[in-house]
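Spelled out, the chains give:
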Amino acid sequence: WRYLDAPYRSELSFYAVGRDEAPSHYLIARYKEDEGQTAVRILDLWGDLNDQQAVRALIRRAVGDAASRGAVQVTVMITLPMLSAQFRSLGFLIPAKARFCWLSRSDSIMARLGGTVYWTLGDSDADAPE
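Keep in mind that this is a model prediction, so the values were computed, not measured.

A. Expanded view of the packing of helix H1 (residues 52–68) against helix H2 (residues 81–89). Two elements in contact, H1 and H2, have axes separated by 10 Å at closest approach and are oriented at 45°. As summarised for this structure, H1 and H2 are arranged oblique, according to the angle between their axes. For the element pair H1 and H2, the recorded crossing hand is right-handed. Touching Gln52, Val55, Arg56 and Ile59 of H1 are Leu83, Gln86, Phe87 and Ser89, all from H2.

B. Region of interest: the pairing of strand E2 (residues 22–34). In this sheet, E2 lies alongside strand E1 (residues 12–19) in antiparallel orientation, the contact comprising 8 bridges. Residue pairing across strands places Leu12 opposite Arg30, the latter belonging to E2. Hairpin connection between E1 and E2: a loop of 2 residues separates the two successive antiparallel strands. Alignment of E2 against strand E3 (residues 37–46), held across 9 bridges, turns out to be antiparallel. Within E3, the residue paired with Glu33 across the bridge is Thr38. The loop that links E2 with its antiparallel partner E3 comprises 2 residues; one of these, Glu35, has a positive phi angle of about 55°.

C. Fine view of the pattern of salt bridges. Summed over all chains, the structure comprises 3 salt bridges. Glu21 serves as the salt-bridge partner of Arg19, at 2.9 Å between the closest nitrogen and oxygen. Like Arg19, the residue Glu21 is exposed in the burial classification. When the shortest N-O distance is used, the salt bridge between Arg69 and Asp65 registers 3.3 Å.

How each quantity is defined
- Every chain is numbered independently, its residues counted from 1 as its sequence is written.
- Reporting in this predicted model follows two pLDDT cut-offs: at least 70 for local features of residues, and 80 or more for side-chain atom pairs to be given and counted; totals over whole chains, interfaces and linings ignore these cut-offs and use all residues.
- For the side-chain quantities, the full set of heavy atoms in the structure was used; hydrogens and water were omitted.
- For helices, the axis comes from a line fit to the C-alpha atoms of the stretch in contact; other axes are also lines fit to C-alpha atoms, and the angle between any two N-to-C directions lies between 0 and 180 degrees.
- A helix here means a DSSP run of H or I that spans at least four residues, while a strand means a run of E at least two residues long, and both kinds are numbered starting from the N terminus.
- Should an angle fall under 35 degrees it is taken as roughly parallel, and over 145 as roughly antiparallel, whereas 65 to 115 is taken as roughly perpendicular and any remaining angle as oblique.
- Crossing handedness follows the turn of the near helix against the far one: under a right angle anticlockwise gives a left-handed crossing, and clockwise gives a right-handed one.
- Contacts are assigned to residue pairs that have any heavy atoms within 4.5 Å of one another.
- Strand pairing is assigned whenever DSSP detects at least two bridges linking the two strands.
- Salt bridges are defined by distance alone: a side-chain nitrogen of Lys or Arg within 4 Å of a carboxyl oxygen of Asp or Glu.
- Residue exposure (1.4 Å probe, protein chains only): buried if accessible area is under 20% of the type maximum, exposed if over 50%, otherwise partly exposed.

Structure representation (structure tokens):
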């Protein structure tokens, strides 16, 4: 819902793999044009992230679409080590550290963030409307 209602909805592309009537995995990408060049940011990826075949198929589909649309860059934020190898094997070869901070006044929310947490660019303000 947050992507369908986003103020930049016209810049989004939605990808899915699995059965047509019930896809198992989804990916949301944002196409942004700046000075005549298109950059793509993978905002979100969900489904069973342990299903490597489905995840790889989804990434390949999105990257292939970006290439066919003339994108000069595709960016993704990865916070799960198991996804790093997947993306690296598919051509995402230049890693960079990103600073990300989450703070809540709720002790129970902060306690839940103490373990492994999956963050995406869609969780950040990196794609706020300009």
